[in-house]
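# Observations on the model geometry
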Amino acid sequence: MGISCGIVGLPNVGKSTLFNALSAAGAEVANYPFCTVQPNLGVAQVPDQRLDAVVALFVGKPAVHATVNFVDIAGLVRGASKGEGLGNQFLANIRETDAIAHVVRCFEDPNVVHVEGRIDPVSDVLTVDTELCLKDMESVGKRIDKARTALKGPAPKEEKATLAVCERVQAGLDAGTPVRAQGLSSDELVLIHDLFLLTQKRVFYVANVAEKQLANLDRDAHVAALRAHAAKEGAPVVPICAGAEAEIATLDAADRPAFLETLGLKEPGLAAVARTAYQILDLITFFTVGEHECRAWTVKRGTHAPQAAGVIHTDFERGFIKAEVVRWEDLVKLGSEAACRQHAKLAMEGKDYVVRDGDVIHFKFNV
């Protein structure tokens, strides 16, 4: 399954620089607001050491990692919900994504202008959230009017429940609380699903810091303020230096470890960005080892074996017979599928099997 993550934030916070590093797609980067007008699209691999370990057992077979589609969206400004700046376009682009990576400026640099004239990560987040809440209030308000009109006649039985949920959501939005933080039940979320509310999307924050801040992130005041704010809604924060990440992305693989060491990093921050996009959407990865490649596949947690097979090809789901499953740890430890079978580590599973993160699966089907 393909997932899409929108990179959002105020102008000049490092969105396009981050995008370039993630996708090497060459998005334009410049020091003026609205440098990004049309959304840039790029694909980033999700690093996975488990897949790398499995591939090492099969000499000559390439690894195909899972991917995340990143969308670099034009910077939002105060008043975007009313069309200020590129507001209408910005909001429409967000609506089409599965999750949001909210880039927040946590670095001081007099040579890079800030649209608000000061560095205040929490204020920046609230500016974006306010505009998204205002836009959602428009959508919810229209749905409330529709429900009230319908209830004057022979309305569907769920219309009254939908009205109650919308009124609750409207009150939360009016108080500045995004839908994702309003504690709605799964049944309530179903009733407003067709509204495609912007603040219902899962979000994580990317704290864009200067290179000199990397060594003291735990003592950095700007990062601490952002983490404290994010903790209130249970959102992750991924600190990175977008400029350094863009430089890392241009290096040969052999040269990267030495450069990372100079920055005090064990891996590029982009690895954490891609993984976090996965995690907030509650996605898991299973692997297949075929004749030509070892591949990672993406499914929602709780997916059953036939539906996981369908991610590979619809025929696999339609003609599903069984799944041969081995844990990646067992495969790496024992060295081959044959050895796993000999040590009773390979199981035959049916249609009720729930795929686990890290399963290596061979599907049997007949169509």
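Parameters at a glance
- Residues numbered from 1 in each chain as written.
- Predicted model: local features only at pLDDT ≥ 70, side-chain atom pairs only at ≥ 80, totals over all residues.
- Heavy atoms only, no water.
- Core = buried A, V, L, I, M, F, W, Y, C linked by side-chain atoms within 4.5 Å.
- Buried < 20%, exposed > 50% of the residue type's maximum accessible area, 1.4 Å probe, protein only.
- Contact = heavy atoms within 4.5 Å.
- pLDDT = per-residue confidence, 0-100.
- Helix = DSSP H or I, 4+ residues; strand = E, 2+ residues; numbered from the N terminus.
- Phe/Tyr/Trp six-rings, centres within 6.5 Å; stacked < 30°, edge-to-face > 60°.

## Quick word on the nonpolar core
Residues Leu-18, Phe-70, Phe-204 and Tyr-205 are the most contacted members of the largest nonpolar core, which totals 70 residues. The residues touching Phe-204, leaving out its near neighbours within four places in the chain, are Cys-5, Ile-100, Ala-101, His-102, Pro-236, Val-238, Val-273, Thr-276, Ala-277 and Ile-280.

## Thoughts on the confidence of the model for the protein chain
On average, residues of the protein chain score 85 in pLDDT, and 88% of them are at 70 or above. Here residues 25-38 scores under 50 on pLDDT; set against residues more than four positions off or in separate chains, the count is 40 contacts.

## Digging into unusual backbone geometry
With a phi close to 60 degrees, Asn-12 is a non-glycine residue in the positive phi region. As for its placement among the helices and strands, Asn-12 is situated in the loop between strand 1 (4-8) and helix 1 (15-23). Of note in this structure, Ala-344 is not a glycine but carries a positive phi near 60 degrees. By the element assignment, Ala-344 lies in the loop between helix 14 (337-342) and strand 11 (347-349).

## Digging into the packing of aromatic side chains
Any pair of aromatic rings gets described here by the distance separating the centres and the angle formed by the planes. Counting across every chain of the model gives three aromatic pairs. Relative to Phe-363, the ring of Phe-286 lies with its centre 6.0 Å away and its plane at 85 degrees, an arrangement referred to as edge-to-face. Taken together, the residues Phe-286 in strand 8 (residues 283-289) and Phe-363 in strand 12 (residues 359-365) connect sequence positions 77 residues apart. Residue Phe-286 shares its accessibility class with Phe-363, and that shared class is buried. Three or more aromatic residues link up through ring pairs in this structure, and these residues are Phe-286, Phe-320 and Phe-363.

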